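Structure assessment
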Amino acid sequence: VGMATLITFFTQRQAALRLHESTARQTRAAVQQSLNDMQQAVIYAGETADDEADLERLLDIFPALESASLIDENGDEIAHVGADLPDDPLRITASTESGTLAVGVNPQILWADVVASHMGREGYVYILQGDRQLAAANPDRIDPDQWPPESAPRDRLGVYDGAAGDLVIGRAEPVPGT
């Protein structure tokens, strides 16, 4: 009986590891794809936008964009729409004929579909910034106001304190290009 229990444990452990690896790959790909799609839209807009009305249309089309600015070759802002953003938002820039188009992106909206996914019955996905602060999370699973950055996994796979304070198996995956 002891050997059968041990084999069952290892089989279940291997299945859990495969689930983590698969979810991590899918999540990383989804994060990269949503960012690539937004970058392509901004590059296209940079080729065509030349006034404040164009910037307003851009923000209307893409809800994840919170601000947009046209900046001339001298670094002077010639048009701006949307919110004034903190110093470290997710920014995307594209060259224009007369300078640069810079947009501020709300990562929670950009990656809403990614973090809405569930891993099993109680699992969750969230995205951290480089400083380990929460960039995007499913509010049904994680309360951003209660988020302790030290609870995030530091290694690729391990046991750590989950968002609810209980021990969980988690996986950290860096996303190239973010």
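Refer to the structure printed above.
These notes cover the structure that comes with them. Worth saying up front: this structure is predicted, and the values here are computed from it rather than measured.

Here we look at the pattern of salt bridges
Counted by the stated rule, this structure contains 1 salt bridge. A salt bridge links Asp54 to Arg57; the shortest N-O distance between them is 2.2 Å. Residue Asp54 and its partner Arg57 are both found in helix H2 (residues 52-61); the two are separated by 3 residues, about one turn of the helix. For Asp54, a relative accessible area of 16% translates into the label buried.

Observations regarding the sheet that holds strand S1 (residues 65-72)
Read across the open sheet, the 4 strands follow the order S2-S1-S4-S3; overall the sheet is antiparallel. Looking at the sheet topology across the chains shown, the edges are occupied by strand S2 (77-82) and strand S3 (90-96). Averaged over all neighbouring strand pairs, the angle between strand axes comes to 15°, with direction disregarded. Bridge count between S3 and strand S4 (residues 99-105): 7 bridges; the pairing is antiparallel. In the sheet register, Leu90 faces S4, and the bridge partner there is Val105. Relative to S2, H2 is tilted by about 30°, and along the sheet it contacts S1, S2 and S4.

Here's the deal with H2
For H2, every residue scored as buried is listed here: Asp54, Leu55, Leu58 and Leu59. Taken down its axis, H2 places every buried residue within 140° of arc, on the same side. Away from the buried face of H2 by more than 90 degrees, exposed residues Asp60 and Ile61 are located. Regarding H2, its N-cap is Asp51, as a side-chain oxygen of that residue lies 3.2 Å from the backbone nitrogen of Ala53 further along.

Some points on the environment of Glu21
Mapping Glu21 onto the fold places it in helix H1 (residues 2-48). A sequence separation of 136 residues divides Glu21 from Leu157, and the C-alpha atoms of the two residues are 9.0 Å apart.

Remarks on the nonpolar core
Judged by nonpolar contacts, the single largest core of 29 residues is most densely connected at Met38, Leu55, Leu101, Val103, Val105 and Ile127. Of all the elements in the fold, those that place two or more residues in this core are H1, H2, S1, S2, S3, S4, helix H4 (112-115) and strand S6 (134-137). At 5 residues, H1 tops the list of elements feeding residues into this core. Excluding residues that lie within four positions of it along the chain, Leu55 makes contacts with Ala49, Ala68, Ser69, Leu70, Ala79, His80, Val81 and Leu101. Tyr124, Tyr126, Leu134 and Tyr160 belong to the second-largest nonpolar core, a separate cluster that totals 7 residues.

Analysis parameters
Residues numbered from 1 in each chain as written. Predicted model: local features only at pLDDT ≥ 70, side-chain atom pairs only at ≥ 80, totals over all residues. Heavy atoms only, no water. Salt bridge = Lys/Arg side-chain N within 4 Å of Asp/Glu carboxyl O. Helix = DSSP H or I, 4+ residues; strand = E, 2+ residues; numbered from the N terminus. Buried < 20%, exposed > 50% of the residue type's maximum accessible area, 1.4 Å probe, protein only. Pairing = 2+ DSSP bridges. Axes fitted to C-alpha atoms, helices over the stretch in contact; angles between N-to-C directions. Contact = heavy atoms within 4.5 Å. Arc of directions from axis to C-beta. Polar contact = N/O pair within 3.5 Å; in protein donor to acceptor, adjacent residues only side chain to side chain. Core = buried A, V, L, I, M, F, W, Y, C linked by side-chain atoms within 4.5 Å.

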